[in-house]
Amino acid sequence: MTRCGRKPSRPQRAQALLLGTLAGLALLLAAIGLYGLVATSVAERRRELGIRIALGATSRQAIVSAALPGLALAALGVLIGVVAARLAARTLAHLVWGVTVGDPLTFAVAAGAVLGVGAVATLVPALRIVRLNPIRALRMS
């Protein structure tokens, strides 16, 4: 039922399904792009992390120094995305029924997914580098 109490028509349902599918694909593409960007930037810092470990940094310190820039980038992207989505939601208000335009659960799930991908994208390459022998990490660069 819509806000005015009537049941949505078949074309409205089809439009909403199409819009939801495209939104899901957009989120998937954003996650893939974010993972590629952040994982590459961490992998490019292999030499720096190898030097830090060789000079006595603990594994935890190396992982934190590798992960913070990637997580900051993901958090900034989420912030910009939430603001843009809130602005765009008003335009799409007539296509949505059953939820409010600014549904906090939807925004939280999307933001959490992007932040989760950002965390995985920074931690996986950082853990791989930390497990390497520092000499080998320095030679690979």
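Summary of the structure given here. (Residues numbered from 1 in each chain as written. Predicted model: local features only at pLDDT ≥ 70, side-chain atom pairs only at ≥ 80, totals over all residues. Heavy atoms only, no water.)

## What to know about the overall build of the chain
Tallying secondary structure elements over the chain gives five helices and zero strands in all. Pairs at least 24 residues apart make up 80% of the contacts formed inside the chain by residues separated by at least 6 positions. Total accessible area on the chain stands at roughly 9,300 Å², and carbon and sulfur atoms take up 69% of it. (Helix = DSSP H or I, 4+ residues; strand = E, 2+ residues; numbered from the N terminus. Contact = heavy atoms within 4.5 Å. Areas by Shrake-Rupley, 256 points an atom, 1.4 Å probe, with all protein chains shown as cover.)

## Description of the packing of helix H1 (residues 10–44) against helix H4 (residues 104–131)
Direction vectors running N to C along H1 and H4 enclose 30 degrees, while the axes themselves pass 9 Å from each other. Put simply, H1 runs roughly parallel to H4. Every pair of crossing elements has a handedness; the one defined by H1 and H4 is right-handed. Judged by residue contacts, Leu27, Ala31, Leu34, Tyr35, Val38, Ala39, Val42 and Ala43 of H1 engage Ala110, Ala113, Val114, Val117, Gly118, Val120, Ala121, Thr122, Val124, Pro125, Ala126 and Ile129 from H4. Residues of the contact of H1 with H4, tallied by class, amount to 18 nonpolar, two polar and no charged. (Axes fitted to C-alpha atoms, helices over the stretch in contact; angles between N-to-C directions. Parallel < 35°, antiparallel > 145°, perpendicular 65-115°, else oblique. Left-handed = near helix turned anticlockwise from the far one by under 90°. Nonpolar A, V, L, I, M, F, W, Y, C, P; charged D, E, K, R; others polar.)

## Structural notes on the nonpolar core
Core analysis: the biggest nonpolar cluster contains 16 residues, and Leu34, Val38, Val42, Leu49, Ala62, Ala66 and Val130 have the highest contact counts within it. For this core, the elements supplying multiple residues, two or more each, are H1, helix H2 (46–54), helix H3 (59–91) and H4. Ranked by the residues each element gives to this core, the list is headed by H4, at six residues. Residues contacting Val130, with those up to four places away along its chain left out, are Ile53, Ser59, Ala62 and Ile63. (Core = buried A, V, L, I, M, F, W, Y, C linked by side-chain atoms within 4.5 Å. Buried < 20%, exposed > 50% of the residue type's maximum accessible area, 1.4 Å probe, protein only.)

## Description of the environment of Gly112
With respect to the helices, strands and loops of the structure, Gly112 is situated in helix H4. On the basis of relative accessible area, Gly112 is assigned to the partly exposed category, the value being 42%.

## Re the pattern of salt bridges
This model, assessed by the stated rule, comprises two salt bridges. Between Arg45 and Glu48 there is a salt bridge, and its shortest N-O distance comes to 3.0 Å. Under the relative-accessibility criterion, Glu48 is labelled partly exposed at 30%. Where Arg52 meets Glu48, a salt bridge forms, and the shortest distance between an N and an O atom there is 2.9 Å. (Salt bridge = Lys/Arg side-chain N within 4 Å of Asp/Glu carboxyl O.)

## Brief notes about H4
With 28 residues, H4 extends 40 Å between its outermost C-alpha atoms, agreeing within 8% with the 40 Å of an ideal straight helix rising 1.5 Å per residue. Looking only at H4, the buried set comprises Phe107, Ala111, Val114, Gly118, Ala121, Thr122, Pro125, Ala126, Ile129 and Val130. Where H4 is buried, its residues contact H1, H2 and H3. (Expected span 1.5 Å × (residues − 1).)

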